[in-house]
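Analysis of the macromolecular model
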Amino acid sequence: MPDTAALQSLTKAIDALAPEFTTLSDKIWEFAELKFNEVKSSELLVKTLKQNGFSVRQNIAGMKTAFIGEYGCGKPVIAFLGEYDALAGMSQTAGVDRPVATEPGGSGHGCGHNLLGSGSMLAAIALARHLEANGLPGTVRYYGCPGEEGGSGKTFMVRAGAFADVDAALTWHPAPFNGVRSTHNLAVLEYYYRFKGIAAHAANAAHLGRSALDAVELMNVGVNFLREHMPQDCRVHYAITDTGGRAANVVQANAEVLYLVRAPEMSQALALAERVDHVARGAAMMTGTEVEIIFDTAATNLLPNLTLENAIHDNLVSIGPVPFDESDIDFARKIQATFTDEAIKSSIRLYQIKKDVFSNEKIDGSTPLHLGLRDFEGQSHFRAGSTDVGDVSRVTPTAQCWAPAWAIGTNPHTWQVVAQGRSAGAHKAMIHAAKALAATGLDLATSPELLADAKEEWLEKTREQPYVCPIPDYISPAAL
Ligand SMILES: [Zn+2]
């Protein structure tokens, strides 16, 4: 933990920069650009880095919206990860408590990445300035990571060696709660199963047809039986991406289904995906069709680093609660009124909230915003999702925190997230996260012991399982 004077000077500097980064976040919210097309968002972020004296490299790993900003020199190299992609079909008006699209069918920041990318950059810039002003060594980097939503931009950056000399990486995510994000999650593999059959008149020549759509249906039935016999905590889900057409009087010659296979470890995900492949081949045999299996993308499960997480937690304790006011709470109450009691309880369970550090009480959702700090018991908990931060955590010690940008009960990828994405409360949460990350970055720059401990923990955990990038070399980001 930085000493009181250093922490105060860092947080004061962040407060002074806050208006600029609030505007930045709001602009990215408005752009709402989808994975790998975050052109305006990345341009604005690059411009901000350059204005703050960072040197910037663009087109990282062949992705036009990926970039790395750097300031300072020497060791340690501290990375802050930023995201800025939106979600399709999530257009929503800001600041209202009902679903109203600003542009029907348009995109929206349903995961709060406008806040994420801007808050991480605020932390990077504040830390870089602080190190320079105090004559401290160290290199601060901001990783502009595109396509987190179904694109695994970071995994491509890892594969290209962009993190090779990084000593530690820090990031955060908007959430309904304030606290360290110590989770182990799921590795994910995504494949398209493309079936090819023979078209025919569905009444007078059906015996000549071979239905690709039947194959998709039989594959889904087969996978539904497979569910009974897969390891606990695995998840398999699908979307039919091509039904073969709308004509029922034609035997469909083409059909395609996209599968996501998730498991606690990548080795389990690979083994399960192989069984899903067998089901697909079985469906093809049954229907007399052919199946092509096309790799889409993948992300490795997270490797929590308790040493770094403890450091973030200590800083969150020192920084204190997010300074929400009555109007922040009022708006959160309106948003919370759109959730069922069960959804609110489920949200508390999902984040494994047991008690609050500041109030020492159990959190029950009776306040619409999290006004305290989630207790951190020094161990990670399971969370059934996936993120490409997982691949970064496999090549360098990585830690994350949550900041309470959303009313308690809010789930990611919902209109409620977009509606809250430019609220005053969300801005405060973003600034809070920037403070926690910058302070932890300062810890890393000034405490070689902390860095050594984090590395030792990381080495210990990775010794057993050397990292293998789950995206094959022949897959390029441009192909996505
Ligand atoms: Zn997200």
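What comes next is a walk through the structure. Small disclaimer: the values here were computed from a predicted structure and weren't measured.

This part takes up the overall build of the protein. Scanning the protein from terminus to terminus reveals 13 helices and 15 strands. Compactness check: the protein gives a C-alpha radius of gyration of 23 Å against a globular reference of 23 Å for 480 residues, within 12% of the reference. Dimensions along the principal axes, computed over C-alpha positions, put the protein at roughly 85 × 45 × 40 Å. Residues counted as buried form 57% of the 480 residues belonging to the protein. Looking at the protein alone, contacts between residues at least 24 apart form 81% of all its contacts between residues at least 6 apart. Looking at the protein as shown, the accessible area adds up to about 19,500 Å², and 52% of this sits on carbon and sulfur atoms. Positive and negative side-chain charges of the protein, numbering 40 and 54 respectively, have mean locations separated by a distance of 3 Å.

Further remarks concern the nonpolar core. Buried together is how nonpolar side chains tend to be arranged in soluble globular proteins. Phe 67, Phe 80, Met 121, Tyr 142 and Trp 172 are the most contacted members of the largest nonpolar core, which has 66 residues in total. When residues no more than four places from it in sequence are discounted, the contact partners of Met 121 are Phe 21, Leu 24, Leu 45, Thr 48, Leu 49, Phe 67 and Tyr 142. Counting residues in hydrophobic clusters, the runner-up holds 53 residues, among them Val 77, Phe 163, Val 236 and Ala 283.

Counted by the stated rule, this structure contains one cavity of 30 Å³ or more. In this structure, the largest cavity occupies an estimated 60 Å³ of space. Forming the boundary of the largest cavity are Arg 181, Thr 183, Leu 302, Leu 303, Pro 304, Asn 305, Glu 309, Ser 393, Thr 398, Ala 399 and Gln 400. Per-element accounting of the lining of the largest cavity gives the leading share, three residues, to strand E15 (residues 398-404). Residues of the lining of the largest cavity, tallied by class, amount to four nonpolar, five polar and two charged.

Strand order in the open sheet formed by four strands is E10-E12-E8-E13, with antiparallel pairing between adjacent strands. This sheet does not close on itself; its edge strands, each paired only once, are strand E10 (235-242) and strand E13 (290-299). Ignoring which end each strand starts from, the neighbouring axes of this sheet average 20 degrees apart. Alignment of strand E8 (residues 187-196) against E13, held across nine bridges, turns out to be antiparallel. The residue bridging Tyr 191 from the neighbouring strand is Phe 295, located in E13. Where helix H6 (residues 266-287) meets the sheet, its contacts fall on E8, E10, strand E12 (254-263) and E13, and the angle it forms with E8 comes to roughly 15 degrees.

Parameters at a glance
- Residues numbered from 1 in each chain as written.
- Predicted model: local features only at pLDDT ≥ 70, side-chain atom pairs only at ≥ 80, totals over all residues.
- Heavy atoms only, no water.
- Helix = DSSP H or I, 4+ residues; strand = E, 2+ residues; numbered from the N terminus.
- Rg over C-alpha atoms; globule rule 2.2 N^0.38 Å.
- Buried < 20%, exposed > 50% of the residue type's maximum accessible area, 1.4 Å probe, protein only.
- Contact = heavy atoms within 4.5 Å.
- Areas by Shrake-Rupley, 256 points an atom, 1.4 Å probe, with all protein chains shown as cover.
- Lys, Arg positive; Asp, Glu negative; His and termini not counted.
- Charge placed at Lys NZ, Arg CZ, Asp CG, Glu CD.
- Core = buried A, V, L, I, M, F, W, Y, C linked by side-chain atoms within 4.5 Å.
- 1 Å grid on protein atoms, 1.4 Å probe; cavity = no way out; pocket = protein on both sides within 12 Å on 5 of 7 lines; lining within 4 Å.
- Points joined across faces, edges and corners; volume = space filled by probe spheres on them.
- Nonpolar A, V, L, I, M, F, W, Y, C, P; charged D, E, K, R; others polar.
- Pairing = 2+ DSSP bridges.
- Axes fitted to C-alpha atoms, helices over the stretch in contact; angles between N-to-C directions.

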